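Commentary on secondary and tertiary structure
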Amino acid sequence: MVTLNNVFNNDNMTCIASGGPFFVYEHQNDLSVTPGGSPTAYFMKEMNVKRRQVLCQLNGNSVKVQAGAMQWTTGNVEMNANVGGVGGFFSKAIKGAVTGESAVKPLYQGQGFLMLEPTYNHILLEDVSQWGPQGMVLDDGLFFACESGLQENVVRRQNVSSALLGGEGLFNLCLTGNGMAVLESPVPRQELFEFVLQDDVVKIDGNMAIAWSGSLQFTVEKSTKSLIGSGLSGEGFLNVYRGTGRILMAPTMAGTINVSSNGPEQTTATAGQSTVTDAVVSSIFG
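Residues numbered from 1 in each chain as written. Predicted model: local features only at pLDDT ≥ 70, side-chain atom pairs only at ≥ 80, totals over all residues. Heavy atoms only, no water.

**Some remarks on unusual backbone geometry**
Operational definition: Strands are runs of DSSP state E lasting at least 2 residues, helices are runs of H or I lasting at least 4, and numbering of each runs from the N terminus. Relative accessible area decides the class of each residue, using a 1.4 Å probe on protein chains only: under 20% of the type maximum gives buried, over 50% gives exposed, and in between gives partly exposed.
Within the chain, Asn 6 stands out as a residue other than glycine whose phi angle is a positive 60°. Its location among the elements puts Asn 6 in the segment before strand E1 (13-19). When its relative accessible area of 51% is taken as the criterion, Asn 6 is described as exposed. Of note, the phi angle at Asp 199 is positive, near 50°, even though the residue is not glycine. Counting through the fold element by element, Asp 199 comes out in strand E12 (residues 193-204).

Take a look at the structure:
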């Protein structure tokens, strides 16, 4: 028998969200800060830069996590590499290579607790069943953990131009089924825009969508009908989502800057999407 002290009754750790077997804890202060690092720690706290951890409660159920994410377990909890033989390993390796996730996601099951490593990213808990029968598609590197009942698939862009110009990559991880998923977001939940589409369209300038329903058709299109007009308008290409489903968008994530002349403007890393040259590439590969 193991008794956990200074975990659930720790005044410095606050449970900020829960869903399914997952509980998100946030460290309110960095109590181990050194004198030299105290000014940085102070301003980090003021700007909501805090360590967050996910606690998984296992009661005969099982969860999958990113490789290397486990910090500790207690109770009768067993880990399975979840490889599935040589063929399964190579299949998972290919999926991991094209989606930016770990090739193998260990499976933890049994009776007890599993705590994941702390992260400064923001933690999102999503009920995948709410994203429709075709599941939710994730931006690269967003996956952190999920209930084992969820299926992982790799979805491919419908055309080459959407991969080259959309900034989302050619492949993405898609989760389907019933269960909770834990995601690492670059921005907090309070800053995320959510679009719920019913046979409609959303156009986004840049790769700011971090998750979207697998039922949506994703393409990259010119902002105007004219190739030259798209280049001269300053908008260039737009990520376009059509159909029925949901989109989570991070409007404040790195990749845009505020300028006094015309509002949000893409940085050098993403501004290449807004040139006439890109319009020509789109006409070739689209």
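**Focus: the confidence of the model for the protein**
Using the following cut-off: pLDDT measures how confident the predictor is about each residue, on a scale from 0 to 100. Contacts are residue-level and defined by heavy atoms, with any inter-residue pair within 4.5 Å sufficient.
Per-residue confidence for the protein averages 81 on the pLDDT scale, and 72% of its residues sit at or above 70. Considering only residues more than four positions removed or in separate chains, one finds that residues 258-286, a stretch of pLDDT under 50, has 46 contacts.

**A few points about the nonpolar core**
Defined as follows: The term nonpolar core refers to a set of buried residues drawn from Ala, Val, Leu, Ile, Met, Phe, Trp, Tyr and Cys, joined through side-chain atoms within 4.5 Å.
If you look at the biggest cluster of nonpolar residues, it comprises 35 residues, and the most contacted ones within it are Met 136, Leu 138, Leu 175, Ile 210, Tyr 241 and Ile 247. Those elements that place two or more of their residues in this core are strand E7 (136-138), strand E8 (143-147), strand E10 (171-176), strand E11 (180-185), E12, strand E13 (209-213), strand E14 (217-222) and strand E15 (237-249). Among all residues touching Met 136, those that are not within four sequence positions of it are Glu 126, Val 128, Trp 131, Leu 173, Cys 174, Leu 175, Leu 183, Ala 211, Trp 212, Ser 213 and Gly 214.

**Side note on a nonpolar patch on the surface**
Our working rule: Residues forming no salt bridge and having over 30% relative accessible area are the ones grouped into patches, like charges within 9 Å of each other and nonpolar side chains (Val, Leu, Ile, Met, Phe, Trp, Tyr) within 5 Å. In short, Shrake-Rupley with a 1.4 Å probe defines the accessible areas, and a residue's cover is counted only from the protein chains shown. What counts as a salt bridge is simple: a side-chain nitrogen of Lys or Arg found within 4 Å of a carboxyl oxygen of Asp or Glu.
Taken together, Met 47, Val 49 and Tyr 120 make up a surface patch of nonpolar side chains, about 300 Å² in accessible area. Residue position: Met 47 is located in the loop between helix H1 (38-46) and strand E3 (52-65). Classification of Met 47 by relative accessible area gives exposed; the value is 64%.

**Here we look at the layout of surface pockets**
Quick reminder of the rule: Residues are called lining when one of their atoms sits within 4 Å of a cavity or pocket point, these points coming from a 1 Å grid over the protein atoms alone, where a cavity is a set in which a 1.4 Å probe fits but cannot get out and a pocket is an open set with protein on both sides within 12 Å along at least five of seven lines. Grid points are joined across faces, edges and corners, and a volume is the space filled by probe spheres set on the points. In the scheme used here, Gly and all other residues not listed as nonpolar or charged are polar, with Ala, Val, Leu, Ile, Met, Phe, Trp, Tyr, Cys and Pro taken as nonpolar and Asp, Glu, Lys and Arg as charged.
Empty space within the second largest pocket amounts to approximately 270 Å³. In terms of lining, the second largest pocket is formed by 13 residues, of which the most central are Ile 16, Ala 17, Ile 123, Arg 189 and Gln 190. Listed by contribution, the elements that provide at least two residues to the lining of the second largest pocket are E1, strand E2 (22-27) and strand E6 (122-127). At four residues, E6 tops the list of elements feeding residues into the lining of the second largest pocket. Tallied by class, the residues present in the lining of the second largest pocket amount to seven nonpolar, three polar and three charged.

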